[in-house]
Amino acid sequence: MTPGTQTMFLDVQDLSVTFSTRRGIVNAVRGVTFSLAKGETLGIVGESGSGKSVSSYAVMRILERSGRIAGGQITFDGIDLSSLTNREMRELRGREISMVFQNPRAALNPIRKVGHQIEDVLRRHARATRSTAKAQAIDALKAVRIEDPEKRYNAYPFELSGGMCQRVVIAIALACDPRLLIADEPTTGLDVTTQKVVMELLADLTKSRGMSSILITHDLGLAAEYCDRIVVMKDGQVVEAGDPKALFADPQDPYTRRLIRSTPRPGAQIGDLVEPPVPSPTRPVLGAPLLEVRSLRKVFGHGAEQSVAVDDISFDIREGETLGLVGESGCGKSTTSSMIMRLLDPTSGEILMDGRTMTDVPAAKFARDPRRGSLQMVFQDATDSINPRFTARQAISDPIRRLTDEKPAGRVEELAAQVGLPEALLDRFPHQLSGGQKARVGIARALASRPRLLILDEPTAALDVSIQAIVLNLLAELRADLGVSYLFVSHDLHVVRLLCDRVIVMRKGRVVEEGATESIMRAPTDPYTRSLLDATPIPPAALEPQGIGPERHSQATV
Amino acid sequence: MSPTPIDSRQRGFLDHVVYVLGENPITAIAFALFALIVCVALFGPALAPYDPMESNAARALEPPSADHWFGTDNLGRDVFSRVLVATRLDLMISVAAVALSFVIGAAIGSAAGYWGGWIDAVTGRFVDTIMAFPLFVLAMGIVAAMGNTVENIIYATAIINLPFYARVARAEVRIRRDAGFAQAARLSGNTDLQVLAFHIFPNALPPMMVQISLNMGWAILNAAGLSFIGLGVRPPTAEWGIMVAEGANFVVSGEWWLAFFPGLALMCAVFAFNLLGDGLRDIFDPRQRT
Amino acid sequence: MGPRTKLVLHRTLQAIPALVGVVVVSFILTRMLPGDPAAYFAGPAATEASIAEIRDAMGLNDPLPIQFLNYVRDLLGGDLGNSLSTGQPVVEELARRLPASLELTLTALILSCVIALPLGVAAAVHQGRWIDHACRSLVTAGVSLPTFFTGIVLVYVFYYLLGWAPSPLGRLDFVYLSPPEVTGFYVIDALLIGDVETAMGAVRQLILPASTLALFTLAPLARMARAAMLQALSSDYIRTARAAGLGEGQVVFGYAFQNAMLPVITTLGMVFSFMLGANVLVEKVFSWPGIGSYAVEALVVSDYAAVQGFVLAMAILFVLLNLTIDIIYTLVDPRTREG
């Protein structure tokens, strides 16, 4: 796979990176080899801990203090980077190779005007003098399509939105016309619509300037959409590399296969996400309306600082139904779920269960209400949602003891079996469990009081896609077995589609669209819903459901 | 609860403690020093070779010797015995003061952090008012106003320690108030008080333990400082601060041991508590290491 | 009015509740005097009648709110009562002795900043190297040193053993005449009239007490400087700056140091609190004629008006120092300008 290594623009051969930690030496990157041609965009894809970011830091030689390049060779445009002195390397950074990071707000000096931060780079690489710096910095802001660049020049990072900050970071990276840009998860933490804008901007700028670029991401769909070639990493090693189409059509490595399969995509059913695929669990028969939300409204603050988080929304959930609540950060979906969960009192409006109002009991007193047990929730971050001083058993027993007449002994084991948590793990503390195991504990705890409605608050947002696929399947199975209703809160329409009968799209506290999942996905009527759908990157149409038919009979064992 | 979880957790915890002690032998020294101080406080009077109050004009102002390890003072009293015996009083004052301010500070800080609103506003104003004084000066004023007794030294030291606990408790409770596990606890049927007491407070305790240790050293310093300027303990009671104050007059004429040894004891005690605090910080929260 | 002026004004207004709190507490402290204040002020030879008379004269029979208003009125008029032992107004005595305390405190503050900040920064930049270990040891030892004990050890070593320092008695050896008062700082006043010899004499007296005080405040400052610098150096914007090829000097001093100074400025408030307290002890050890030793002398003879006057003066000084810190912080950190 090295047709003319000499001509490669960036060539990484057998790279190893080690970190010295409390537990000894950790091999974060082990013998990684990849290369990049001029003008090419390379995607490095992997889940957390795969060593994808560390490899690029090694290329830039900006590893943190405890990290060390233990072996291998990095050649950039014919120069052996490891032979350069620190001073020479600093000359190269920013001028020849630049980098864009995730979490853009933190990536900018909080107490320095963004214009000055761009000037620092320009003047460092002698691209500008004192007199021309300001004009050039404004040009750089213009290049990343920031409106009103003269005014933004004087802004501090805290005065800009996340997407805007990322544009500034890109402006800094591109200020000196480097020939290689490394983007490390540049859109993680941004909303999908902002992600789209930032990715388009990066693609346009690198194309128009003839730059090479590396996109590091956990999102296969994103890499497939924007990259010419993809390298898949796992546990510090490259497991597969190649053209995205070919990779998706015929993945060679079992890990790549699983990764591709786990990525939610059009056409795939929930059972198709696991390797090997399973038949998707049946959906329960819909019954009478269980929960009714009537003109719900929530206002925070007083007087001039008032902000309306939720603005007059109404909807129903029937027994056995799964309703998706979709929207970007700040749309009011979390506030809505907190109110339904009776953790927060609405400013006005009503929430009814079985036709009887629940809002007569204030949230502060609801913990002792007999209906507490019938409304439960699975939280976004499983790690954060389990008391660090409780074992899994204690966490699951807590609601049993407080909300039911049952004895925890026996019932805990029953729940563990339901969610597929091995009994041996019950006496472990959260820090001794994996992300997927913690998610199972969270689900078991939510089911402990035999709820009728379960709010799933982005239950998979913090998980890697392969774990997400397993958890989604578990949720579908539980629904089929228990007939419980779900309110599935998410920012990702493609995930919502897998599980939900109906969808509500929220924006700025209001419902902009509501309807059956399939029809909204196929023909959204609201422009905002359409932009949400468009913005989500879609992997190449591979692994069609019919293509995997023969494997269907095998059982999933995770 | 079955014993397995405790075992596995404790083994991990003990490993970690052993690791921290091995990594930083100074922490081990601090633990040893701390144990020594506690022993001396408990058994000091029994260990002292002489009666700390018995004067002997014939042997006044003798430098350290085999008979009198730390020399004798201007009344011929054995400095070593006095230093040993003083440990209990100094430790008692600071333990009492720290315990008092921990209990009150943790309670009001937790309430302020959990409920916010007017409780937070009122306690915040109260704490700010204490902090508006230079703390040692406030302690001086309190003891001067309330009367020059050992109990009042304890109260004054407790008052000036209070803001630290209230602030730590408030901050630690506040960051966990809306944490997922606190929300989950509410959903599991815990009332607010139960969420605070059983779920949030145990998790906020480790940082407070660190604060206790660091404050203990500071409390000893303050109490000794107050007696150094003539507040609280009165002669001829053996107490480190007052011994240094009495010995100070002899330093300019070269009789250094009168002030030096009680000062050294004081320093070692404070040093032990400060190191202990750093060690506890390493054990409980490796991320906060500085 | 510019936005900055507005902010400074806003901060200044925010100091008012603290000031009110200080006045209330000091009022409470004056009413808490052990026993009957009237009996106390009447002296040991007083009769029932004369005590009652004094109680009336002091307004102790008035309702508490009235007493408080009278107290505030006296304060605003600059009346802290008279010292029992000297008969002089407390305000005048404090004002006369304040420059001595300020000279000592400010010298110590400058001394400790000059040592602590570079030390903390160097320790963070060379984390894990010898300078870092030196800094950490110094910090841990420094916070454990009782100020009065350090002072006595320094006196023993530099005065008794080595004979380098003059005897620890006051601001100036008796062979010199005090310079005419302009700033009240002997060193500066002596230099103002060109009397280098007296200035040197004052410096020699000043060096030991100032070092004692500086040693005490050095530790928290160096500790904070190191921690803040470490935090800044490991933050994302430093990685961005490095990835953009900025020079090490600009990264460390331009980016990291400026950010690291913010928490250090905040710590200064605590440092001042420690310093003003330790000041009392240092003044006693070195017989420094400042307001701290005034309070200690007053305590010995149970001269409560003087002690309470001292506490109030210190508190007001501290509130003003904190206000200065707040204003500096506001001007340095753009994020505070939002609201």
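The rules behind each value
Residues numbered from 1 in each chain as written. Chains lettered and ligands numbered in written order. Predicted model: local features only at pLDDT ≥ 70, side-chain atom pairs only at ≥ 80, totals over all residues. Helix = DSSP H or I, 4+ residues; strand = E, 2+ residues; numbered from the N terminus. Buried ≥ 20, exposed ≤ 12 C-beta atoms within 10 Å, placed from the backbone. Contact = placed C-beta atoms within 7 Å. Axes fitted to C-alpha atoms, helices over the stretch in contact; angles between N-to-C directions. Parallel < 35°, antiparallel > 145°, perpendicular 65-115°, else oblique. Left-handed = near helix turned anticlockwise from the far one by under 90°. Pairing = 2+ DSSP bridges. Expected span 1.5 Å × (residues − 1). Nonpolar A, V, L, I, M, F, W, Y, C, P; charged D, E, K, R; others polar. Right-handed = clockwise from strand over helix to strand, strands pointing away. Domains from an automatic or database assignment. Core = buried A, V, L, I, M, F, W, Y, C linked by C-beta atoms within 7 Å. Bend = angle between axes of the 7 residues up to and from the residue. pLDDT = per-residue confidence, 0-100.

Novice: Would you mind going over the overall build of chain B in detail, with residue names and values included?
Specialist: Counting secondary structure elements, chain B contains 10 helices and zero strands. Along chain B, helices (α) and strands (β) appear in the sequence α-α-α-α-α-α-α-α-α-α when read from the amino end. Based on the C-alpha atoms only, the size of chain B along its principal axes is roughly 75 × 45 × 30 Å. Per-residue burial over chain B gives 51% buried out of 290 residues. Taking the contacts inside chain B whose residues are at least 6 apart along the sequence as the reference set, 69% of them involve residues at least 24 apart.

Novice: Kindly report on the overall build of chain C, identifying the contributing residues and their values.
Specialist: Regarding its fold elements, chain C presents 13 helices and zero strands. Its helices and strands in sequence order give chain C the pattern α-α-α-α-α-α-α-α-α-α-α-α-α, from N to C terminus. In terms of overall dimensions, chain C has C-alpha extents of about 85 × 55 × 40 Å along its principal axes. Taken over 339 residues, chain C has a buried fraction of 45%. Pairs at least 24 apart in sequence give 69% of the contacts found in chain C among residues at least 6 apart.

Novice: Lay out the packing of helix α12 (residues 392-403) of chain A against helix α13 (residues 408-419) of chain A with the relevant residues and their values.
Specialist: Residue and element names in this part refer to chain A. Packing of α12 against α13 leaves a shortest axis separation of 10 Å and a crossing angle of 120°. Between α12 and α13, the interaxial angle falls into the category oblique. At the point where α12 passes α13, the crossing takes the right-handed sense. The residues of α13 that touch α12, namely those facing Arg393, Ile396, Ser397, Ile400 and Arg401, are Pro408, Arg411, Val412 and Leu415.

Novice: Requested: an account of the interface of chain B and chain A, with residues and values cited.
Specialist: With 21 residues of chain B at the interface, the matching set in chain A holds 25 residues. Elements represented by at least two residues in the side of chain B that touches chain A include exactly α1 (3-23), α7 (180-187) and α8 (192-228) of chain B. The element contributing the most residues to the side of chain B that touches chain A is α7 of chain B, with seven residues.

Novice: An account of the sheet that holds strand β14 (residues 348-353) of chain A is needed here, citing residue identities and associated values.
Specialist: Working definition: the strands of a sheet are paired by backbone hydrogen bonds and lie parallel or antiparallel to each other. Residues and elements named next belong to chain A. Read from one edge to the other, the open sheet built from four strands follows the order β12-β11-β14-β15, with strand pairing classed as antiparallel. Strands at the two margins of the open sheet, each flanked by one partner only, are β12 (307-318) and β15 (356-357). Pairing geometry for strand β11 (residues 289-300) and β12, over eight bridges, is antiparallel. Paired with Pro289 across the two strands is Arg318, which belongs to β12. Here helix α11 (residues 333-340) sits on the sheet in contact with β11, β12 and β14, set at roughly 120° to β11.

Novice: Before we move on, can you summarise helix α4 (residues 64-76) of chain C with the specific residues and values?
Specialist: Taking 1.5 Å of rise per residue, 13 residues should cover 18 Å, and α4 of chain C covers 18 Å from first to last C-alpha, within 8% of that figure. Count one or two residues on from α4 of chain C and you reach Gly78 of chain C, which has phi positive near 75°.

Novice: Requested: an account of the environment of Gly277 of chain C, with residues and values cited.
Specialist: Residue position: Gly277 of chain C is located in helix α11 (residues 248-285). Looking at Gly277 of chain C, the number of C-beta atoms within 10 Å reads 26, which means it is buried. Residues contacting Gly277 of chain C, with those up to four places away along its chain left out, are Pro134, Leu135, Phe136 and Val137 of chain B.

Novice: Quick rundown of the interface of chain B and chain C? Include the residues and the values.
Specialist: Listed by partner, the interface residues are 40 residues for chain B and 44 residues for chain C. Elements that contribute at least two residues to the side of chain B that touches chain C include exactly α4 (117-131), α5 (135-146), α8, α9 (240-251) and α10 (257-284) of chain B. At 10 residues, α5 of chain B tops the list of elements feeding residues into the side of chain B that touches chain C. Among the residues forming the side of chain B that touches chain C, the class breakdown is 28 nonpolar, 10 polar and two charged.

Novice: An account of the pairing of strand β8 (residues 212-217) of chain A is requested, with residue identities and associated values reported.
Specialist: Residues and elements named next belong to chain A. The buried fraction of β8 amounts to six of the six residues, a majority that puts the element mostly inside the structure. Residues Ser212, Ile214 and Ile216 line one face of β8 and the alternating positions Ser213, Leu215 and Thr217 line the opposite face, and both faces are buried. Following the chain from strand β7 (residues 180-184) across helix α7 (residues 192-208) to the adjacent parallel β8, one finds a crossover that is right-handed.

Novice: Give me the domain arrangement of chain C: which residues, what numbers.
Specialist: Residue and element names in this part refer to chain C. For chain C, the assigned domains read domain 1 (1-85 + 303-339) and domain 2 (96-300). On the domain 2 side, the residues contacting the 16 residues of domain 1 number 13 residues. Of the residues assigned to the side of domain 1 that touches domain 2, the class counts are 11 nonpolar, three polar and two charged.

Novice: Help me get a handle on the nonpolar core, residues and values and all.
Specialist: Leu487 of chain A together with Ala225 and Ala295 of chain C are the most contacted members of the largest nonpolar core, which totals 347 residues. With 21 residues, the top contributor of residues to this core is helix α9 (residues 196-233) of chain C. Those residues in contact with Ala225 of chain C that sit more than four places away from it in its chain are Ala116, Leu117, Gly120, Val121, Ala260 and Val264 of chain C.

Novice: Describe α9 of chain C, with residues and values.
Specialist: Residues and elements named next belong to chain C. Along its 38 residues, α9 runs just 45 Å from first to last C-alpha, ending more than 12% under the 56 Å computed at 1.5 Å per residue. Maximal helix bending in α9 amounts to about 35°, located at Ile207; proline Pro209 follows within four positions. Most of α9 sits inside the fold, with 31 of its 38 residues counted as buried.

Novice: Can you lay out the packing of helix α3 (residues 114-124) of chain A against helix α4 (residues 133-143) of chain A for me, pointing to particular residues and giving the numbers?
Specialist: Residue and element names in this part refer to chain A. With their axes 9 Å apart at the nearest point, α3 and α4 run at an angle of 110° to one another. Classed by the angle they form, the pair α3 and α4 counts as roughly perpendicular. With respect to the hand of their crossing, α3 and α4 are arranged in right-handed fashion. Between α3 and α4, the residues in contact are Gly115, Ile118, Glu119, Leu122 and Arg123 and Ala133, Lys134, Gln136, Ala137 and Ala140, respectively. For the contact of α3 with α4, the residue count by class is five nonpolar, two polar and three charged.

Novice: Quick rundown of the confidence of the model for chain C? Include the residues and the values.
Specialist: Looking at chain C as a whole, its pLDDT mean stands at 87, while 96% of the residues score no less than 70. Interface confidence in the predicted complex, given as ipTM, is 0.89; pTM for the same model is 0.85.

Novice: I'd like to hear about unusual backbone geometry, residue by residue, with values.
Specialist: A cis amide bond links Pro235 of chain B to the next residue, Pro236 of chain B, at an omega of 5°. Tracing the backbone shows Pro236 of chain B in the loop between α8 and α9. Here the phi dihedral of Asp235 of chain A falls at roughly 50°; this positive angle occurs in a residue that is not glycine. With respect to the helices, strands and loops of the structure, Asp235 of chain A is situated in the loop between β9 (229-234) and β10 (237-242).

Novice: So, the sheet that holds β9 of chain A: which residues are in play, and what are the values?
Specialist: All names here are of chain A. The strand order across the open sheet formed by six strands is β6-β7-β8-β3-β9-β10, and the pairing between neighbours is mixed. Looking at strand neighbours, the two that pair on one side only are β6 (97-100) and β10, the edges of this open sheet. The average angle at which neighbouring strand axes cross in this sheet is 20°, direction not considered. Most of the contacts of helix α6 (residues 162-174) go to β6, to which it runs at about 175°, and overall it touches β6 and β7.

Novice: Residue-level account of the environment of Arg176 of chain B, with values.
Specialist: Along the chain, the position of Arg176 of chain B falls in helix α6 (residues 150-177). Excluding residues within four positions of it along the chain, Arg176 of chain B makes contact with Ala182, Ile200, Asn203 and Ala204 of chain B.

Novice: So what about the pairing of strand β17 (residues 453-457) of chain A? Which residues, and what values?
Specialist: Residue and element names in this part refer to chain A. Most of β17 is tucked away, with five of its five residues classed as buried. Burial of the side chains of β17 extends over both faces: Leu453, Ile455 and Asp457 are buried on one face and Leu454 and Leu456 on the other. Relative to β17, strand β16 (residues 375-378) is paired through four bridges, and the arrangement is parallel. Among the inter-strand pairings, Gln376 is bridged to a residue of β17, identified as Leu454.

Novice: With reference to specific residues and values, describe the confidence of the model for chain B.
Specialist: When pLDDT is averaged along chain B, the result is 84; 92% of the residues meet or exceed 70. Note on residues 286-290 of chain B: pLDDT under 50 across the span, and seven contacts to partners over four residues away in sequence or across chains.

Novice: Can you tell me about the environment of Thr18 of chain A, naming the residues and giving the values?
Specialist: For Thr18 of chain A, the location among the structural elements is in strand β1 (residues 10-21). Spatially, the C-alpha atoms of Thr18 of chain A and Arg30 of chain A are 8.5 Å apart, while their sequence positions differ by 12 residues.

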